[in-house]
Amino acid sequence: ALLDQTSVDIEATAGGLFRATGSVMRFDGFMKLYIEGTDDEGEEKEGMLPLDGIKVIEMAGLAPSPFCGMVLSDFGAQVVVVDRLYAEADNPMMLPQNIFDFGKHRLRVDLKKRDGADIVRNMIRKSDVLVESYRPGVMELFGLGPEQALSANPRLIYARLTGWGQNGVFASSA
């Protein structure tokens, strides 16, 4: 049920300037933002979400990555979750129907094999954002760390969501 609605003015840059007015609608348990406006070329856009057209790669992991991917998806981004082949057996948070998966696509890849890492590398070339929450050095082992990813796509936003940072005493803790 709709609880309330608020008007907003938006000016955003996501591959181009977008000016819009819209409504934040708060429902029981979630919020959605719907906008109408014009892009940087003056073309009318209606019913568009702020992150429409943004492509996100979410490396499956513990709660920070799936939650971040869920929020990006809620705002219109196209989110593809890259799962390990046998993820369900390892962690119930990675089950195909967990609450963070609404609006996402899934792809199972064996990152330990060169072909699997190549699939993700090709996705990186065409994406805007990569979100991962692995321990330090894991993505580098697959050849998908920030340096490698940014050399494949300099426009990529590479987000690392770790509980203890990339260095320090607890960095390698899960």
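Residues numbered from 1 in each chain as written. Predicted model: local features only at pLDDT ≥ 70, side-chain atom pairs only at ≥ 80, totals over all residues. Heavy atoms only, no water.

Chemist: Quick question: what am I supposed to make of the overall build of the chain here?
Modeler: What the chain contains, in helices and strands, is five helices and nine strands. Put simply, 49% of the contacts in the chain that link residues at least 6 apart link residues at least 24 apart. Accessible surface for the chain amounts to roughly 10300 Å². Of this, 56% is attributable to carbon and sulfur atoms. (Helix = DSSP H or I, 4+ residues; strand = E, 2+ residues; numbered from the N terminus. Contact = heavy atoms within 4.5 Å. Areas by Shrake-Rupley, 256 points an atom, 1.4 Å probe, with all protein chains shown as cover.)

Chemist: I keep staring at the pairing of strand β6 (residues 78–83) and nothing clicks. Help me out?
Modeler: If a strand is regular, its side chains alternate between the two faces of the sheet. With five of six residues buried, β6 lies mostly within the body of the structure. Relative to β6, strand β5 (residues 55–59) is paired through five bridges, and the arrangement is parallel. Bridge pairing in β6 links methionine 59 to valine 82. The handedness of the β5 to β6 crossover, carried by helix α1 (residues 64–74), is right-handed. (Buried < 20%, exposed > 50% of the residue type's maximum accessible area, 1.4 Å probe, protein only. Pairing = 2+ DSSP bridges. Right-handed = clockwise from strand over helix to strand, strands pointing away.)

Chemist: Quick question: what am I supposed to make of the sheet that holds strand β7 (residues 105–108) here?
Modeler: Pairing between the strands of a sheet is mediated by backbone hydrogen bonds and can be parallel or antiparallel. Spatially, the five strands line up as an open sheet ordered β7-β6-β5-β8-β9, and their pairing is parallel. At either end of the open sheet lies a strand with only one pairing partner, and these are β7 and β9 (157–160). Across the sheet, the mean angle from the axis of one strand to that of its neighbour is 20 degrees, orientation sign disregarded. By the bridge criterion, four bridges tie β6 to β7 in an arrangement that is parallel. Within the sheet, the bridge partner assigned to valine 82 lies in β7 and is leucine 107. (Axes fitted to C-alpha atoms, helices over the stretch in contact; angles between N-to-C directions.)

Chemist: Hey, could you run me through the environment of phenylalanine 142 in this one?
Modeler: With respect to the secondary-structure elements, phenylalanine 142 resides in the loop between α4 (138–141) and α5 (146–152). Since its relative accessible area comes to 18%, phenylalanine 142 is described here as buried. The spacing of phenylalanine 142 and lysine 113 is 29 residues in sequence and 8.5 Å in space, taken between C-alpha atoms. What phenylalanine 142 contacts, discounting residues up to four positions off in sequence, is Leu111, Lys112, Ala117 and Arg121.

Chemist: I keep staring at the nonpolar core and nothing clicks. Help me out?
Modeler: One recurring pattern in soluble globular proteins is that nonpolar side chains are buried together. Within the largest apolar cluster, 18 residues are counted, with the highest numbers of intra-cluster contacts made by Met59, Val120, Ile124 and Leu130. Per-element accounting of this core gives the leading share, three residues, to helix α3 (residues 114–125). When residues no more than four places from it in sequence are discounted, the contact partners of isoleucine 124 are Ile57, Leu130, Leu144, Ala149, Ala152, Asn153 and Leu156. Core analysis: the second largest hydrophobic core is formed by eight residues, Val56, Leu72, Ala77 and Ala159 among them. (Core = buried A, V, L, I, M, F, W, Y, C linked by side-chain atoms within 4.5 Å.)

Chemist: So what exactly am I meant to see when it comes to the packing of aromatic side chains here?
Modeler: Two numbers describe a pair of aromatic rings. These are the distance of the centres and the angle of the planes. Inspection of the entire model under this criterion finds one aromatic pair. On the numbers, 6.0 Å between centres and 85 degrees between planes, the contact of phenylalanine 67 with phenylalanine 100 is edge-to-face. Of this pair, phenylalanine 67 sits in helix α1 while phenylalanine 100 sits in the loop between α2 (87–90) and β7, placing them 33 residues apart in sequence. Judged by relative accessible area, phenylalanine 67 falls into the partly exposed class, the value being 44%. On the basis of relative accessibility, which here comes to 12%, the residue phenylalanine 100 falls in the buried class. (Phe/Tyr/Trp six-rings, centres within 6.5 Å; stacked < 30°, edge-to-face > 60°.)

Chemist: Explain the pattern of salt bridges here, please?
Modeler: Between side chains of opposite charge, pairing is possible as soon as their charged atoms come close. Applying the stated criterion across every chain, the model contains eight salt bridges. A single network of salt bridges, built from pairs that share partners, joins Asp83, Arg106 and Arg108. (Salt bridge = Lys/Arg side-chain N within 4 Å of Asp/Glu carboxyl O.)

Chemist: Please explain the confidence of the model for the chain as it appears in this structure.
Modeler: Fine structural detail should not be taken from predicted coordinates in areas where pLDDT scores are low. Looking at the chain, the pLDDT average stands at 75 and 61% of residues meet or exceed 70. For the chain, strand β2 (residues 17–27) is the element with the lowest average pLDDT, namely 50, and α5 is the one with the highest, namely 96. Contacts of residues 12–19 to residues separated by more than four positions or lying in other chains number 20 contacts, the stretch itself having pLDDT below 50. (pLDDT = per-residue confidence, 0-100.)

Chemist: What am I meant to see in the environment of glycine 103 here?
Modeler: By secondary structure assignment, the location of glycine 103 is in the loop between α2 and β7. Separated by 30 residues in sequence, glycine 103 and serine 73 place their C-alpha atoms 6.2 Å apart.

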